[in-house]
Amino acid sequence: MSLPGLELSASVETNIEPTVQDLKEGSEWRFEVAFGHQIEVKLLSGNAELFGTELAQKQPYTFTGTKAAIYTWHGCQLEVHGECQSEYIAEETPMISYANLHFALEKSREEASTTARDAPRVLIVGPENAGKTSLVKLLTAYATRSGRQPIAINLDTKEGMLSIPGTMSAAAFSSIIDVEDGWGSSPTTGPSPVPVKLPLVYFLGLANPEDKTSVYKPIMTRLALSVLNRLQDDGESRGTGCIIDTPGVISQGKGGYEIIQHIVSDFSVSVIVVLGSERLYSDMVRRFNGQRTSVGETIAVIKLDKSGGCVDRDEAYLQQVRQAQIREYFFGDAKSTLSPHTQQVDFTAVSIYRWADSSVDLTSLLPGDAVEENLAPSIFDKEEPSPQMQNAILAIVHADPSDPQETIRDASVIGFIYVAEVDEKRRKLKILAPLSGRLPNKAMIWGSWPEGVTDMVG
Amino acid sequence: MSVGLPSDEVAEDYKNSLEDLTANSRYEISNLTVIARENTEHAMAISRVLENHIKNVPPDRKLPALYVLDSVVKNVGTPYTIFLGRNLFYTFMGAYSLVNQQTRRKLDEMLKTWKEPVPGSQETNPVFPHDTTRQIETALLKARTTALQLQQQNQFRAPQELTARGRPIPTPNTQWRNTPTPPQANSLYYPPPPQSYPQRSVPNGNFQSPPPFPPISQYAPPHDHPQPYHQQPYQQPPGYSQYSLPSQNLDSLKRDIADLVGKTKQEFASIPYNDTLRIRLQALLDLQNILSTQQLPPHEIQAIRDQVAQLSGNPHPPSVPPPYVATPPVPQQQPPPRSSQPQGSTPQPGDLQALLSSRNLADIIAKAQRSTPTPPATQAPRSQSQQGPTSYPPVSSGPGTDLMAMLRAKGLLPPNSNTPTNGPLGFASPPSATNTPPILPASLARPALINDVDLTSTSLKIPRPHLIFTLYEARPNQCSTCGRRFFATKEGREMKACHLDWHFRTNRRLVDSAKRGQSRSWYVDELEWIKSRDNPGDAPLTDASSAAAKATLAASLAAADPKKRHIPAPSDPALANQPCPICQEKFATVWNDEEQEFVWMDAIKLGNRVYHASCHAEIKKDGGTTPLRINTPDSVLGKRKSPSAGFSEINSIYAKAVKT
Ligand SMILES: [Zn+2]
Ligand SMILES: [Zn+2]
């Protein structure tokens, strides 16, 4: 079938002569490639890494819709085909302190193993566009390269990790991270040229956790429980610990700090890294310095400089990133093309829930004893399919439609479907599912984030 | 150049001159040779500069730079042969790994001339000692074999994989067989200076009379019989001879290889622990296998032929050490044969780094480092070593030794009890800020890496190249496809083998799946995720039962996977030539390190016949029409367990967790 959504890649303009970038040791090549354009980069000689993952020599790496940097510790030569939106070589980077952070964590991992304590749980906080995700990726990649198995956790619902936006997820990394494509791919039914990563995914369906902390917090707590269970159960991960990425918005003070407090206690965070903000650093020091974790370690708060490579990403670009993540979920990427499945389903075959639309968080207004079963505000409203749902993304979760609402809220995600058409007359939905076969008979959540994608199915 | 200039000034000057050398200019090469001659007291610095230059210039400028080296060692000789000989393996292999096929050809020819005395001179010793050149030759043979094997594997790749990732073998063109020093007619080159060295003013009487042979002819001849440079011995277009290689040639080549295998086997039998022999034998067996199983392009056959001819003409592998080869300088005790390594030379970090950073070379080194000739004293056929060992400088110890010493110093290999690894360098202060080379001699002397990074802002700001080392050079064994690194230890090699196997299987399966189409799998639930484990072969497994077995997974994989089953290679010639009765293919003979013998992989012996274990397993599996798949990652991931299963368990976990 022909699907317009599949036009993910443009071909490299081959008529343009390749350029060669000579990088001195300790410098990096920063580049931006627009969506719809593509460049190919080859490491000709020397060593180079992208967000901590080493590039193989002579292998072509293609990038599209990317803002990234290739760093070299030893000096290198890169050959670049195609045109970048912008690109330059920077000799000042905070890489020394970033790498040292990794080595400091390595040291405490070693100490943890000899003293039978827990390996560090690291939280990265900082404003938007400070490079938090890049730092998380670097620390994850370095740990993996050191033979560890870190668990990376994304609590920022604006962007997905191994999933679509609107989700929170966690995954253990023991194999190489995809250089070309974000965090790489979650499992598919076929082989993948870069080892897939297995994420545990929860759905919030909102961009800003502060919009609904009553939902964000319990889901985050649930994710933390899963992670702590994994850390207990899996010796490899236990010896490494976890690294947590957060939304920039919670670093602005007020309610955000309360969320940070929750994260610190739920994940038993032992190291707080503040990226690119003096004020936030002093606030964090005031709040957490000298405090102890649930297992009695002293929490360390440290600050790191933001990289000069961090650029403000405008809303138009971010929207393209989101759309690309959603497309990739269904259709795969240039390396492995996936075939999603379109099907018609009866209205009766789906049970769709939506966060109860209350501009005010009712629980906070009700007196404590009023929060009883019959008076408790509902978390969800049940929704009949309606034309409003057209182009929406629905999350199918590991909970039965008849389960209590808390169970549905806290359940992890099975997968996503895209609503292509709502036919009210015939009471049928045309949907796009990742796989063929009957849809799981499970509860579905309709969020308001990510926004709908219009040109997904032809 | 006047006498008495400090070395670094001379070096700087030399460096600048080298940087102007962009093409194969005979004129400039002569000048650089003269400068080297006039400054022999700075030979060490100049050699270092030259080595670094060769290492750092882009691939297309490596050949001219190597011509300088070639010219200097042939026209000036000692002490340059000593200084440049130390790292020759790295210098040469580092360049070799990066240049194109055409240039490699020239390097091959250059290497050949280094095994001979300088033509026309009274000197009877070869340009470089035999063990230096032999080490390179063995590495090249190994690399070539590996390349052929890769090519073999590539045949299984998807067509798009080939165009996207494959590097097609360059089609030979007419320049293919040019001599290293190009013919005069070529406009690229300046006309040679009228006389050998007349342009240079004679400084301070330091100038020595020109050698009895013109330098020009010196670095020209890659052949056994030097030709005057103006002749163009290779002008005949190679095309004809290449494409019309008669099949009888192939047969004779096969015969030659079989002879060599026989000879090498004999030698190996008499010196069973000789690694160089073992590697050579393995390479020859691989070659034999490749030749009998696939059609090679003529130029590949030619390359093999050349190599075989060289080996046949040079049939004494290290069993006979040249007079000044360093046997282990440890007369006081009898070392165990496999662990004894000559020690004591200072590692050359820069070159090592260059080498380690190049693709595929890690493999070569891994082999080469074990190929340092280390015949136990009792087995050395000639006992020159008895008067030898003490008087020989560290110069002659192979680079592999340096690597071993370094890894040992890093604590990555068990220490060698024979030799103290703590050099006189002791503990130097930690490397300071900028442009310190990634590997510091000072850190090499330490017993282990010291990680002194604290979680404080000041501590995080101090550069620590020796820790960056742990991310790069400490794991020299790199996958050329994805860049993942492994240790150069036995475990590292096993992990890498497992990893390469994963690439291989994946590539093969990508072909299938392109036809079938694939889809995003549903995500796992909490319990499944908590119990999931990645396996060492790179793909996540979700089988909960694998959790406990993780440590022994590799071992159990080996047991479960028929491909890993093996039997000792039969010595009975009748049996040795029998193919598998099921698929009619021959067995792959490989060296098994653990068992210290050659084995047939994927083989089981039933009665008097040997079968591929995998063929047999498929037959046993009813019908045998479906290919047997063991431990393919997605066979586990693709299927989802029944959604309700595990919920009670997970809920009890969470209930417990919430209470505490
Ligand atoms: Zn790989
Ligand atoms: Zn067979």
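In this report, we go over the structure that sits alongside the text. This one's a predicted model, so the numbers in the text were calculated from it and none came from an experiment. (Residues numbered from 1 in each chain as written. Chains lettered and ligands numbered in written order. Predicted model: local features only at pLDDT ≥ 70, side-chain atom pairs only at ≥ 80, totals over all residues. Heavy atoms only, no water.)

## A short note on a negative patch on the surface
Line of reasoning, step 1. There is a patch of like negative charges on the surface, built from D8, E9, E12, D13, E19 and D20 of chain B.
Line of reasoning, step 2. Mapped onto the elements of the fold, D13 of chain B is located in helix α1 (residues 7–19). (Patch = residues over 30% accessible without salt bridge, like charges linked within 9 Å, V, L, I, M, F, W, Y side chains within 5 Å. Areas by Shrake-Rupley, 256 points an atom, 1.4 Å probe, with all protein chains shown as cover. Salt bridge = Lys/Arg side-chain N within 4 Å of Asp/Glu carboxyl O. Lys, Arg positive; Asp, Glu negative; His and termini not counted. Charge placed at Lys NZ, Arg CZ, Asp CG, Glu CD. Helix = DSSP H or I, 4+ residues; strand = E, 2+ residues; numbered from the N terminus.)

## Notes on unusual backbone geometry
Residue and element names in this part refer to chain A.
Line of reasoning, step 1. Residue W449 is joined to P450 through a cis peptide bond whose omega torsion reads 0°.
Line of reasoning, step 2. Positive phi values are uncommon outside glycine, yet R427 reaches one of about 50°.
Line of reasoning, step 3. As for its placement among the helices and strands, R427 is situated in the loop between β21 (413–423) and β22 (428–433).
Line of reasoning, step 4. The partly exposed category is assigned to R427, whose relative accessible area is 38%. (Buried < 20%, exposed > 50% of the residue type's maximum accessible area, 1.4 Å probe, protein only.)

## So, the sheet that holds strand β2 (residues 27–33) of chain A
In a beta sheet, neighbouring strands are held together by backbone hydrogen bonds and run either parallel or antiparallel to one another.
Residues and elements named next belong to chain A.
Line of reasoning, step 1. Overall, antiparallel pairing links the five strands, which are arranged β5-β4-β7-β2-β9 in an open sheet. Strand pairing shows two members of the sheet lacking a second neighbour, β5 (53–54) and β9 (86–90), which therefore form its edges.
Line of reasoning, step 2. Looking at chain direction, strand β4 (residues 49–50) and strand β7 (residues 66–72) are connected through two bridges and run antiparallel. Within β7, the residue paired with E49 across the bridge is Y71. (Pairing = 2+ DSSP bridges.)

## Things to note about the packing of helix α4 (residues 62–75) of chain B against helix α7 (residues 101–114) of chain B
Packed helix pairs are characterised by how far apart their axes lie and by the angle those axes make with each other.
Residue and element names in this part refer to chain B.
Line of reasoning, step 1. Two elements in contact, α4 and α7, have axes separated by 11 Å at closest approach and are oriented at 10°. In terms of orientation, α4 lies roughly parallel with respect to α7. Across the interface between the two elements, L63, L66, Y67, L69, D70 and K74 of α4 pack against T103, K106, L107, M110, T113 and W114 of α7. (Axes fitted to C-alpha atoms, helices over the stretch in contact; angles between N-to-C directions. Parallel < 35°, antiparallel > 145°, perpendicular 65-115°, else oblique. Contact = heavy atoms within 4.5 Å.)

## Considerations on the coordination of the zinc ion (ligand 1)
Residues and elements named next belong to chain B.
Line of reasoning, step 1. Donor atoms from the polypeptide that bind the zinc ion (ligand 1) are C479 (SG), C482 (SG), H499 (NE2) and H503 (NE2), placed at 1.9 to 2.3 Å.
Line of reasoning, step 2. Angles of 100 to 118° at the metal separate the four donor atoms of the zinc ion (ligand 1), which places the site in the tetrahedral class.
Line of reasoning, step 3. Going along the chain, you hit the donors of the zinc ion (ligand 1) in the pattern C-x2-C-x16-H-x3-H. (Donors = N, O, S within 2.8 Å, 3.2 Å for Na, K, Ca; no water. Tetrahedral: all angles 85-135°; square planar, octahedral: opposite > 155°, others 65-115°.)

## So, the sheet that holds strand β10 (residues 121–125) of chain A
Residues and elements named next belong to chain A.
Line of reasoning, step 1. Ordered in space as β13-β12-β11-β14-β10-β15-β16, the seven strands form an open sheet in which the pairing is mixed. With partners counted over all chains shown, the strands left at the sheet margins are β13 (199–203) and β16 (300–304), one partner each. Direction aside, the axes of adjacent strands within the sheet are offset by 15° on average.
Line of reasoning, step 2. Judged from the three bridges that link them, β10 and strand β14 (residues 242–245) form a sheet pairing that is parallel. Opposite L123, over in β14, you have I244 as the bridge partner.
Line of reasoning, step 3. Helix α3 (residues 213–233) contacts β11 (151–154), β12 (167–172), β13 and β14 of the sheet and is inclined by roughly 5° relative to β12.

## Some thoughts on the pattern of salt bridges
Residue and element names in this part refer to chain A.
Line of reasoning, step 1. Applying the stated rule across the entire model yields 37 salt bridges over all chains.
Line of reasoning, step 2. Here K335 ties to D178 by a salt bridge, and the two come within 3.0 Å at their closest N and O atoms. With K335 in the loop between α7 (315–331) and β17 (341–346) and D178 in the loop between β12 and β13, the pair connects residues that are 157 residues apart, well separated along the chain.
Line of reasoning, step 3. A residue is classified by how much of its surface remains accessible, and K335, at 26% relative accessible area, is partly exposed.
Line of reasoning, step 4. You can call D178 buried: its relative accessible area is 7%.

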